[in-house]
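The primary structure of each chain is shown beneath.
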Amino acid sequence: MIAATGLRWILTLLFCALAAHGLWRAAAARSHPWTARLAHALHAVMALAMLAMSWSWGMDLPGTPQVVFFSAAAAWFVLIALALPSRTEPRARTLVNALPHAAMTGAMAWMVAAMSSAMSMGATGGGHAHDMPGMDMSAPGATATMTLGDTGDRWSAGLLALVLLALALWWLAKGFDTGRLAPRTASGAASGGAVHAAWDLGCHGLMALGMAVMFAVMV
Amino acid sequence: MTETTPAASPPPRQRSAEETAPVEDFTTSAPSNAGGTWSGLRPLLLRLHFYAGILIGPFLLVAAVTGLLYTATPQIESVVYRHELKVTPHGEPKPLTAQVNAAREAIPDGQLVSVTKGAGDSDTTRVTFDVKGLPEGYTQTAFVNPYDAEVRGTLRTFGEWLPVRSWFDGLHRTLNLGDFGRNYSEIAASWLWVEVLGGLALWLGAPRGRERLRKLFVPRRDPKGRRRTLSWHGAVGLWVSIGFLALSATGLTWSAHAGANIGKIQDSLGGATPSLSSTPGHGTHGGSTGADSGDSSADAAAARVDLDEAVRIARSKGLRGKLVISPPADTGSAYVVRENTRHWPEQQDSIAIDPATGNVTDKLVFDDFPVLAKLTRWGIDAHMGLLFGLANQIVLALIAVALIGMLFWGYRMWWLRRPTRASGTRFGRPPARGAWRRVPGRVMAPLVVAAAVLAYYLPLFGLPLVCFLLGDLAVAQARRRERERTEARAGTPKEMAR
């Protein structure tokens, strides 16, 4: 949960927009292969899970199903790249393109697991679940209500924050390049396909950026 | 009529390549990587600088004008309140307790907050009271002649500021509109540095031919029009940029929203200003808490240490200059005596004295403050024109005048760029939309992320930026649809003819 009201609402709006985009693309991108549409849907689910995690009620959601789901999603991205490579790209390139998505969903699974673990440690220690004694609870108005207590977990969270920030920059850069170099009509409008591609990349970048922030406040 | 009015405008003339270079950027937005990153980034920066200047300019102008007025307040106060502030020394000063008693008769319904003993022989003693009904932060101060305990006047004060300065201070900070008004000065402080850094990059990176250094630092006098105005805008901005940045940074430190974030960052870096413990921890005085537990002067009188003794102890411990003595707030508190010399070298040491024993129970030495805390203190006092006295005030006034000039020249350039042959009121051309398309993604992505981080920590930088971006997107979309409709209308007759 994010205690700083402003940051919580910024992330809420961000993840709402990303979930809406993912659902819309999953439903509307009929020309895309079903694997791509499923990937959009997975991104939408991940955005919703991140949204929930920003709020206190999100901490009550069961952790194990989420860990299983996102671990399976991470494996799915890798397996599908190996099993059903793109017709236009070599298999290795398809795999390289899928790895960032796998890393992001894997990081999501790790975050849920780390938080569930910290909460269960708190519960066995006799504390109330919302107090989360396994984590340090900051005063209201601080950046986060919780930070991971275990040093190893904190290092891992910091490392994942950096990885996700790098992924965010990479996706955003690709998105900007796709958008700016897209062919345009006389009225200045970019072609629809390029716009969708640019927005997809941009949304991946924003998702990674939002996750990086979530990991950073856990450190 | 001047040359800038449509009727008297000279006909278009051929411009030199050097003169037209900055103007070209206003009309080109096609994506191109030719010329490197800077040539791609420049139009985007120009667009940001232009729109921020146009939209934030009024806030900066108000801040500059009110700041300029504020710089003169010490001199105004010394004239207006001469009777309250100064006396002719004669004989030995009366004890502070007697002076406070005289002040209490002048403000009978007040609760004693502090006593300020002037640094010089001709200074009156200020006895400050909290009085019900005053706005938050305000107090009532009696000015007492230390030689005969005569009250020379009472004034409503804000901290140590007398009415004139507190009014101008409020005008500069909040337009005297309370907390809501603080947003204006925070917007100004949040955007000033953006304008300055962007302007510096544009000015330093502008193409120049011969005599590059002279053109960079010295405003041109010979050619008229936009070129000369730009030269003054750029050169003066270059000279004063450090001052602008310093004012922006120090202004942000005590702003409402960004200031809170800066405070958290400062604390996390170990740069928080240390505080003095006013609880002596004496066994027989630990039970009572709260400032409303009784009359503080009565508590002080009951103690063995009175105000004069507290001053003597403070002097013996090395405190110098103007001293502010806060009597114990309750039976469990200590006297707090602090230096209040806010000019260079700063004297900001303070001590806590147990009123029962006279022991110094805590001491803060300004020299031992963390560097960030010292920088904050120096920065605030420099921003307020206190750190270097009159020279500081003059520099601040020059910076304020320069900022007013920068805004004037900026708006004038906009005016000079307006279409002069079109009918009706027209504004100057803004830099072309779509400038971002010339910036490579590897540059744009970190810029956007950095802007997002800054926008979070400086909310009144972020909110206007988001509003501008959303507004710009909406306008772009509307115009694109309008163009498409126009094209469709133009295409329909041809289709029908076929």
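Look up: the structure comes first, before these words.
Residues numbered from 1 in each chain as written. Chains lettered and ligands numbered in written order. Predicted model: local features only at pLDDT ≥ 70, side-chain atom pairs only at ≥ 80, totals over all residues. Heavy atoms only, no water.

(A) The overall build of chain B, seen in detail. Tallying secondary structure elements over chain B gives 16 helices and eight strands in all. Each of the 498 residues in chain B was classed as buried or not, and the buried ones make up 45%. Look at the contacts in chain B between residues 6 or more apart in sequence, and 64% of them connect residues 24 or more apart. Element-wise, carbon and sulfur atoms account for 61% of the exposed surface of chain B, whose accessible area totals about 25,600 Å². (Helix = DSSP H or I, 4+ residues; strand = E, 2+ residues; numbered from the N terminus. Buried < 20%, exposed > 50% of the residue type's maximum accessible area, 1.4 Å probe, protein only. Contact = heavy atoms within 4.5 Å. Areas by Shrake-Rupley, 256 points an atom, 1.4 Å probe, with all protein chains shown as cover.)

(B) Expanded view of the overall build of chain A. The number of helices and strands found in chain A is six helices and two strands. Starting at the N terminus, the α and β elements of chain A follow one another as α-α-α-α-β-β-α-α. Split into buried and exposed, the 219 residues of chain A put 45% on the buried side.

(C) Broad picture of helix H1 (residues 5-28) of chain A. The terminal C-alpha atoms of H1 of chain A lie 34 Å apart, and with 24 residues this matches the ideal 34 Å at 1.5 Å per residue to within 8%. Along H1 of chain A, the positions that sit buried rather than exposed are Leu7, Arg8, Leu11, Thr12, Phe15, Leu18, Ala19, His21, Gly22, Arg25 and Ala26 of chain A. (Expected span 1.5 Å × (residues − 1).)

(D) Focus on the nonpolar core. In this structure, Phe15, Met104, Met108, Met111, Leu164, Met211 and Phe215 of chain A are the most contacted members of the largest nonpolar core, which totals 53 residues. When residues of this core are traced back to their parent elements, those giving at least two are H1, helix H2 (34-53), helix H4 (91-124), helix H5 (151-180) and helix H6 (192-218) of chain A together with helix H15 (441-457) of chain B. Examining the composition of this core, we find that eleven residues originate from one element, H6 of chain A, more than from any other. Grouped together as the second largest cluster of nonpolar side chains are 35 residues, Ala52, Leu252, Leu403 and Leu460 of chain B included. (Core = buried A, V, L, I, M, F, W, Y, C linked by side-chain atoms within 4.5 Å.)

(E) Region of interest: empty space enclosed by the protein. Residue and element names in this part refer to chain B. Under the defined criterion, the tally for this structure stands at four cavities of 30 Å³ or more. The space that makes up the second largest cavity amounts to roughly 520 Å³. Looking at the second largest cavity, it is lined by 29 residues, and the ones nearest its centre are Ala63, His172, Leu247, Gly251 and His383. Put simply, the parts of the chain that give the lining of the second largest cavity at least two residues each are helix H2 (36-71), helix H6 (163-174), helix H7 (179-204), helix H9 (226-253) and helix H14 (389-416). Looking at which element gives the most residues to the lining of the second largest cavity, the answer is H7, with seven residues. The residue makeup of the lining of the second largest cavity, split by class, is 17 nonpolar, eight polar and four charged. (1 Å grid on protein atoms, 1.4 Å probe; cavity = no way out; pocket = protein on both sides within 12 Å on 5 of 7 lines; lining within 4 Å. Points joined across faces, edges and corners; volume = space filled by probe spheres on them. Nonpolar A, V, L, I, M, F, W, Y, C, P; charged D, E, K, R; others polar.)

(F) Region of the structure containing the sheet that holds strand S3 (residues 138-144) of chain B. Residues and elements named next belong to chain B. Spatial strand order, S4-S3-S2-S1-S5-S6-S7-S8: eight strands in an open sheet with antiparallel pairing. Edge positions in the open sheet fall to strand S4 (151-158) and strand S8 (360-364), since each of these has one partner strand only. Mean inter-strand twist for the sheet, computed between neighbouring axes without regard to direction, equals 20°. Examined bridge by bridge, strand S7 (residues 350-353) and S8 share four bridges and lie antiparallel to one another. Bridged to Ile353 within S8 is Val360. Against the sheet, H6 makes contact with S3 and S4, and its axis sits at roughly 10° relative to S4, the strand it touches most. Across the face of the sheet, helix H12 (residues 307-316) comes into contact with strand S1 (111-117), strand S5 (323-326), strand S6 (335-339), S7 and S8 while running at roughly 130° to S5. (Pairing = 2+ DSSP bridges. Axes fitted to C-alpha atoms, helices over the stretch in contact; angles between N-to-C directions.)

(G) Representation of the interface of chain B and chain A. Chain B puts 20 residues into the contact, and the matching count from chain A is 20 residues. Interface area, chain B with chain A, both sides summed: about 1,600 Å², of which 64% is carbon and sulfur. Looking at the side of chain B facing chain A, the largest losses of area belong to Arg437, Val449 and Tyr456 of chain B, adding up to 32% of the total buried there. Counting across the interface, chain B meets chain A through zero salt bridges. Our count for the chain B to chain A interface comes out at three residue pairs in polar contact (both at pLDDT 80 or more). Breaking the side of chain B that touches chain A down by element, the ones donating at least two residues are H15 and helix H16 (459-497) of chain B. Of the residues forming the side of chain B that touches chain A, the biggest block, eight residues, is contributed by H15 of chain B. Along the lines of polarity and charge, the residues of the side of chain B that touches chain A split into ten nonpolar, two polar and eight charged. (Buried area = accessible area lost by both parts, 1.4 Å probe. Salt bridge = Lys/Arg side-chain N within 4 Å of Asp/Glu carboxyl O. Polar contact = N/O pair within 3.5 Å; in protein donor to acceptor, adjacent residues only side chain to side chain.)

(H) Quick peek at the side chain of Thr116 of chain B. Residue and element names in this part refer to chain B. Note that Thr116 resides in strand S1. The buried category is assigned to Thr116, whose relative accessible area is 11%. Setting aside anything within four residues of it in sequence, one finds Thr116 in contact with Thr124, Thr125, Arg126, Lys322, Leu323 and Val324.

(I) Structural context of the pattern of salt bridges. All names here are of chain B. Under the definition given, this model contains 15 salt bridges over all chains. The partner of Arg342 in a salt bridge is Asp381, with the nearest N and O atoms 2.7 Å apart. One end of the pair, Arg342, is in the loop between S6 and S7; the other, Asp381, is in helix H13 (residues 371-383), and 39 residues separate them in sequence. A residue is classified by how much of its surface remains accessible, and Arg342, at 14% relative accessible area, is buried. For Arg433, the salt bridge identified is with Asp472, shortest N-O distance 3.0 Å. With Arg433 in the loop between H14 and H15 and Asp472 in helix H16, this residue pair connects regions lying 39 residues apart in the sequence. The class of Asp472 is buried, set by a relative accessible area of 15%. Members of the salt-bridge network, linked through shared partners, are Glu160, Lys322, Arg342, Arg377 and Asp381.

(J) Region of the structure containing unusual backbone geometry. All names here are of chain B. The peptide bond linking Trp344 to Pro345 adopts the cis configuration, its omega dihedral lying at -10°. For Ala149, which is not glycine, the phi torsion reads 60° and is therefore positive. Within the fold, Ala149 resides in the loop between S3 and S4. The residue Glu211 is not glycine, and still its phi comes out positive at about 50°. Structurally, the position occupied by Glu211 is in the loop between H7 and helix H8 (212-217).

(K) Spotlight on the packing of H6 of chain B against H7 of chain B. Residue and element names in this part refer to chain B. At a minimum axis separation of 6 Å, H6 and H7 run at an interaxial angle of 65°. With respect to their mutual orientation, H6 and H7 come out roughly perpendicular. Counted together, Leu171, His172, Arg173 and Thr174 of H6 and Gly181, Arg182, Tyr184 and Ser185 of H7 form the full contact between these two elements. Across the contact of H6 with H7, the residue classes tally to two nonpolar, four polar and two charged. (Parallel < 35°, antiparallel > 145°, perpendicular 65-115°, else oblique.)

(L) Representation of the layout of surface pockets. Residue and element names in this part refer to chain A. Here the second largest pocket defines a volume of roughly 1,200 Å³. In this structure, the second largest pocket is lined by 37 residues; those nearest its centre are His32, Pro33, Thr35, Ala36 and Glu89. The set of elements that each furnish at least two residues to the lining of the second largest pocket consists of H1, H2, helix H3 (63-83), H4, H5 and H6. Among the elements that make up the lining of the second largest pocket, the one with the highest residue count is H6 (six residues). For the lining of the second largest pocket, the residue count by class is 18 nonpolar, 13 polar and six charged.

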